[in-house]
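Below are the chains, spelled out letter by letter.
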Amino acid sequence: MSRLGLFFCAPYAVFIPACLGIVSLGKFDYQAQFTYLELPIAAQLSLAHWLGLGRALEVISWPDAYGLFMTPAFILLYAAGASVERRLGRRRALAGVID
């Protein structure tokens, strides 16, 4: 388990329930609720639109969209953190050999 990978995933994992909690309060109009629902997956949605998958996104429900887009995001965040952690470990090992 990579601690840095988990550290990279943690802000995203906190941001998602925060946005869903704001929506569940029901104090905002429909457009604000839509914005808060879209925020956690906005980057992935824009990438999908850029790739020409906009029509396929019209039929996906919110839970399906979250499952479809959040899973790769968590995998990429964890992989990035694990990669940085490995590089730092190698650098520390090399620094110990040189000294």
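Residues numbered from 1 in each chain as written. Predicted model: local features only at pLDDT ≥ 70, side-chain atom pairs only at ≥ 80, totals over all residues. Heavy atoms only, no water.

**Some words on the side chain of Gln44**
Right, on to step 1. Within the fold, Gln44 resides in helix H3 (residues 42–50).
Right, on to step 2. The residues contacting Gln44, other than those within four sequence positions of it, are Tyr12, Phe69 and Ala73. (Helix = DSSP H or I, 4+ residues; strand = E, 2+ residues; numbered from the N terminus. Contact = heavy atoms within 4.5 Å.)

**Brief notes about a nonpolar patch on the surface**
Right, on to step 1. A surface patch of nonpolar side chains, about 340 Å² in accessible area, is lined by Phe7, Phe8, Val84 and Leu88.
Right, on to step 2. Considering the arrangement of structural elements, one finds Phe8 in helix H1 (residues 3–25).
Right, on to step 3. By relative accessible area, Phe8 is classed as partly exposed at 30%. (Patch = residues over 30% accessible without salt bridge, like charges linked within 9 Å, V, L, I, M, F, W, Y side chains within 5 Å. Areas by Shrake-Rupley, 256 points an atom, 1.4 Å probe, with all protein chains shown as cover. Salt bridge = Lys/Arg side-chain N within 4 Å of Asp/Glu carboxyl O. Buried < 20%, exposed > 50% of the residue type's maximum accessible area, 1.4 Å probe, protein only.)

**Concerning the side chain of Ser2**
Right, on to step 1. Inspection of the secondary structure assignment puts Ser2 in the segment before H1.
Right, on to step 2. By relative accessible area, which is 7% here, Ser2 ends up buried.
Right, on to step 3. A polar side-chain atom of Ser2 sits 2.4 Å from a polar atom in the side chain of Glu85.
Right, on to step 4. Once you skip the residues sitting within four places of it in the chain, Ser2 turns out to touch Tyr78, Gly81, Ala82 and Glu85. (Polar contact = N/O pair within 3.5 Å; in protein donor to acceptor, adjacent residues only side chain to side chain.)

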